[in-house]
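Observations on the three-dimensional arrangement
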Amino acid sequence: MSDQRMFEAAIGLIIESGIPGATLAAIGERAGYSRGLVTHRYGNKANLLAHVHDVVVADWINRVQQAVGDHSGREALSRIVDALHAFVREEPNEIRAMYLLRFASIDPSAQFRTNVAKAHAAQRRDVQRWIELGKKSGSVHAGIDAALVAELFCSAADGLIYRWLVNPKLPIKALHSLLKCEVVRALSLGHT
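Computed from a prediction, not measured in an experiment: that's the story for all the values here.

So, on to the environment of Gly-21. Relative to the assigned elements, Gly-21 resides in helix H1 (residues 2-21). Residue Gly-21 is classed as partly exposed on the basis of its relative accessible area of 25%. Those residues in contact with Gly-21 that sit more than four places away from it in its chain are Leu-13 and Ala-26.

Here we come to the environment of Ala-67. Residue position: Ala-67 is located in helix H4 (residues 45-68). Between the C-alpha atom of Ala-67 and that of Asn-44, which follows or precedes it by 23 residues, the distance is 35 Å. In this structure, Ala-67 is in contact with Arg-79 and Ala-83, ignoring residues within four places of it in sequence.

Across soluble globular proteins, nonpolar side chains show a tendency to be buried alongside one another. Counting residues in each nonpolar core, the largest one holds 60 residues, and the members touching the most others are Ile-27, Leu-77, Ile-80, Ile-95 and Ile-131. Take this core: its biggest share by element is 10 residues, from H4. Leave out the neighbours within four places in its chain, and Ile-80 touches Trp-60, Val-64, Val-68, Val-127, Trp-130 and Phe-153.

Moving on, we come to the side chain of His-53. Within the secondary structure, His-53 sits in helix H4. Apart from the residues within four sequence positions on either side, His-53 is in contact with Met-98, Leu-101, Arg-102, Asn-115, Val-116 and Ala-119.

The rules we used
- Residues numbered from 1 in each chain as written.
- Predicted model: local features only at pLDDT ≥ 70, side-chain atom pairs only at ≥ 80, totals over all residues.
- Heavy atoms only, no water.
- Helix = DSSP H or I, 4+ residues; strand = E, 2+ residues; numbered from the N terminus.
- Buried < 20%, exposed > 50% of the residue type's maximum accessible area, 1.4 Å probe, protein only.
- Contact = heavy atoms within 4.5 Å.
- Core = buried A, V, L, I, M, F, W, Y, C linked by side-chain atoms within 4.5 Å.

What follows is the structure, encoded as structure tokens:
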């Protein structure tokens, strides 16, 4: 239970004060524990931030896996877009914290950047696999470059989230619907 309280405290501090404000002492205090307990559990701030990122990513992966189920190709990617919209709507604080950590990971000194890189690679690999399965089943045009389209799809989803984070009044539902339509259309056309 202490991990969950520390996780929630870290999420709250990251979205309220940014990464610099999410100190071990502040997290411990907000969670109702001492800094010593947080330090004992995670060792240092980088480990805690990596843990926060990984927990949110695990939630995201679980949501995607449940949404996609046995589907592939256009239907799988369409379901991913729906899952992304639901994640934004249901867990805006988690997704905000995850993307703050992701953006901070481009700093060469970010000690949790390998966690972010692994998550990106896994997401792209899964999307590519679903596209390739769609090609085999005929729901995706055979001429599609699955690796390239997977990278573009992941980039478009990340960009949509980034723009929503900058402007929470963005018509996110309409943009998700448009992304879904464009993904289905693009996978049907066969452009490489």
